[in-house]
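# Results of the structural survey
One letter stands for each residue in the lines below.
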Amino acid sequence: MFRLNRDILYLIFYKELQNDKNTLYSCFLVNKTWCEIIIPILWKNPWKDGNEKLLYNIIFSYLSNDLKNKLKQQDKDFFLTNSYKKPFFDYISFCKHLNFIEIERINNIYMEKHGILIKNDIINAFINERTSFTHLYLPQQFDYQLHLIPGAEQCFSTLEFLYCKTNVDEPVFIGLTEICKSIKGLELYIEKYNNNYGIVDLIKSQRKLCNVHFKTEDQYANDSFCKILENSLMKHSNTIQYFKMTKPLITNILSSFMNLKILELVGKFKFRNIKWNCLESLSLPFLQILRASSVPITSLISIIENTSGHLIEINIYRTSHNEINNKRIIQAIYQNCPNLLYLKILFRNTSSNELENLLIKCKHLNGLFLIISDLLVSFNWDNLFNVLTRSPIGLFKFKFSYYYREINLNSLELFFDNWNGRHPMLLQMISRKITSNLGFYLLLEKYKTKGIIQKFDYNTWFEHSFKDFEWI
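Residues numbered from 1 in each chain as written. Predicted model: local features only at pLDDT ≥ 70, side-chain atom pairs only at ≥ 80, totals over all residues. Heavy atoms only, no water.

Going by an unreviewed UniProt entry, the chain carries the name F-box domain-containing protein and comes from Rhizophagus irregularis.

## Section: the packing of helix α14 (residues 352–361) against helix α15 (residues 381–388)
The N-to-C vectors of α14 and α15 enclose an angle of 15 degrees; their axes lie 10 Å apart at closest approach. Taken together, the axes of α14 and α15 are roughly parallel relative to one another. Note that α14 runs across α15; the crossing there is right-handed. Residues Ser352, Leu355, Glu356 and Leu359 of α14 lie in contact with α15, whose contacting residues are Asn383, Leu384, Val387 and Leu388. (Axes fitted to C-alpha atoms, helices over the stretch in contact; angles between N-to-C directions. Helix = DSSP H or I, 4+ residues; strand = E, 2+ residues; numbered from the N terminus. Parallel < 35°, antiparallel > 145°, perpendicular 65-115°, else oblique. Left-handed = near helix turned anticlockwise from the far one by under 90°. Contact = heavy atoms within 4.5 Å.)

## Digging into helix α16 (residues 409–418)
Buried within α16 we find Ser411, Leu412, Phe415 and Phe416. Down the axis of α16, the sector holding all buried residues measures 135 degrees, keeping them to one side. N-cap assignment for α16: the residue whose side-chain oxygen lies 2.9 Å from the backbone N of Asn410 is Asn408. (Buried < 20%, exposed > 50% of the residue type's maximum accessible area, 1.4 Å probe, protein only. Arc of directions from axis to C-beta. Polar contact = N/O pair within 3.5 Å; in protein donor to acceptor, adjacent residues only side chain to side chain.)

## Describing the environment of Tyr144
Structurally, the position occupied by Tyr144 is in the loop between β2 (135–137) and α8 (152–156). With relative accessibility at 21%, the residue Tyr144 sits in the partly exposed group. Expressed as a C-alpha distance, the spacing of Tyr144 and Asn120, which sit 24 residues apart in the sequence, is 9.7 Å. For Tyr144, the residues in contact, after removing those within four places along its chain, are Lys119, Asn120, Ile123, Ile149 and Val172. At 3.2 Å, the side chain of Tyr144 and the side chain of Asn120 are in polar contact.

## Thoughts on unusual backbone geometry
The residue Asn194 is not glycine, and still its phi comes out positive at about 60 degrees. Mapped onto the secondary structure, Asn194 falls in the loop between β4 (185–189) and α10 (198–204). Positive phi, close to 55 degrees, is recorded for Ser294, a residue that is not glycine. Counting through the fold element by element, Ser294 comes out in the loop between β8 (289–293) and α12 (297–305). For Ser294, a relative accessible area of 29% puts it in the partly exposed group.

## A few points about the nonpolar core
Ranked by size, the top nonpolar core spans 140 residues in total, and within it Leu138, Phe156, Phe243, Leu265 and Phe416 carry the most contacts. Sequence-distant contacts of Leu138, that is, excluding residues within four places in its chain, are made with Phe100, Ile101, Leu146, Leu162, Tyr163, Cys164, Lys165, Val168, Val172 and Leu176. (Core = buried A, V, L, I, M, F, W, Y, C linked by side-chain atoms within 4.5 Å.)

## Thoughts on the environment of His423
You can see His423 is positioned in the loop between α16 and β13 (425–431). Judged by its relative accessible area of 37%, His423 is partly exposed. Those residues within four positions of His423 in sequence are excluded, and the remaining contacts are Phe396 and Gln454.

## So, the pattern of salt bridges
Per the stated rule, a full pass over the model turns up 10 salt bridges. Glu104 serves as the salt-bridge partner of Lys119, at 3.4 Å between the closest nitrogen and oxygen. Of this pair, Lys119 sits in helix α7 (residues 119–126) while Glu104 sits in helix α6 (residues 100–114), and the two are 15 residues apart along the sequence. Each of the two residues, Lys119 as well as Glu104, counts as buried. We note a salt bridge from Glu264 to Lys244, for which the minimum N-O separation is 3.8 Å. Within this pair, whereas Glu264 is found in strand β7 (residues 262–266), its partner Lys244 is found in strand β6 (residues 242–245), the two being separated by 20 residues in sequence. Linked by salt bridges that have partners in common, Lys244, Glu264, Arg291 and Glu313 make up one network. (Salt bridge = Lys/Arg side-chain N within 4 Å of Asp/Glu carboxyl O.)

Structure follows, in structure tokens:
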């Protein structure tokens with residue numbers, strides 16, 4: 001019975017609460033059993049959203065006594081006095097994420113402050129026979145040959161995710177290629193200069209690469225290198241299910257990802273004059289999620305038209321287009337996406353009929369995020385709200401982002417009155433202007449009291465922190 005209880009607790013803490021650190025911190029004080037289950041969860045990725053001072057103390061407790069004494073002499077405020085004591089748990093053995101970006105930062109702090117090199121000792125504390133990592137993060141121009149450290153093969157043989165830049169030293173890539181064969185997720189920052197081709201062999205050597213993110217901030221990244229890099233993905237064309245890029249690809253490798261489920265196209269403003277030829281005639285029959293920013297609207301229309309009805313989320317923003325193309329993309333959505341759950345899109349005054357058709361044909365729509373940015377014409381809120389009141393019964397989550405046109409309170413009140421009898425709505429509003437009208441808030445509170453609104457939030461466009469399609 002005790003074993004069963006422990007297993008159930010593990011499922012609750014690990015499966016349901018692993019991202020809720022506040023709850024986990026409060027729970028591990030309950031008793032020894034709870035503590036023994038929760039501590040490994042909290043230390044799976046201690047670099048993320050953690051207590052930096054506590055993390056430093058734990059790491060420094062693993063350093064040699066000679067080094068700790070040297071640091072103590074140099075820095076009278078050297079962390080806590082109990083940093084000399086071995087902790088109750090072997091915390092580092094619980095780590096699954098090894099972040100050399102943070103380790104370099106810690107080392108640089110003490111190099112600049114005291115001229116003391118502590119990186120080697122920290123690395124030895126993490127890479128040994130007691131540890132095994134699933135996630136590895138490498139800084140730019142990283143040159144520490146990890147594969148030569150005793151215990152490295154055990155530490156990295158089950159690696160599942162790698163973040164690095166293409167200017168990492170060649171021997172580092174060569175060493176990882178020898179050890180790591182199970183990487184499923186790759187986030188690669190492509191530099192303009194000093195790219196090392198060892199990353200190509202590392203990509204090819206993986207058994208089942210599923211998630212790929214190519215990121216670059218430079219329009220003129222080395223084309224010949226990028227072409228070879230993109231072609232290295234050919235081996236994984238049947239296994240890649242997630243792909244994200246910030247700059248158009250040079251090759252047509254994207255068309256070979258026939259099992260792709262999630263595509264993210266995050267264009268940069270400085271790339272606005274670059275043509276996205278890699279998206280032309282692109283057919284992705286199993287695509288489920290499309291997210292795009294600063295990408296030509298005609299390319300997105302083509303992608304949607306060449307799917308097979310599996311799209312459940314479409315998120316398009318920072319993609320300005322005229323009224324004709326606004327109608328075209330809404331038409332493409334309701335003609336090809338019968339299973340759509342969430343939609344974020346720019347909405348024009350003249351597209352009301354198309355929106356109504358979308359609401360009729362996309363019967364599973366659950367959340368709608370409309371961006372209102374008509375600058376030269378008065379926006380017809382009455383017409384929009386009238387269409388929304390005839391929306392599918394399952395749609396009750398709304399977000400409105402309006403840059404130039406404030407919502408008319410009379411229109412909003414009529415919308416709430418017509419919503420009576422339906423599922424209470426979740427409502428979030430993002431405005432370029434700071435709404436100081438007390439009547440605006442009183443109106444929302446009034447209909448919240450009536451049960452028409454379940455929850456509402458308001459934020460300004462300059463500081464909005466809402467996440468797309470996450471309603472509480």
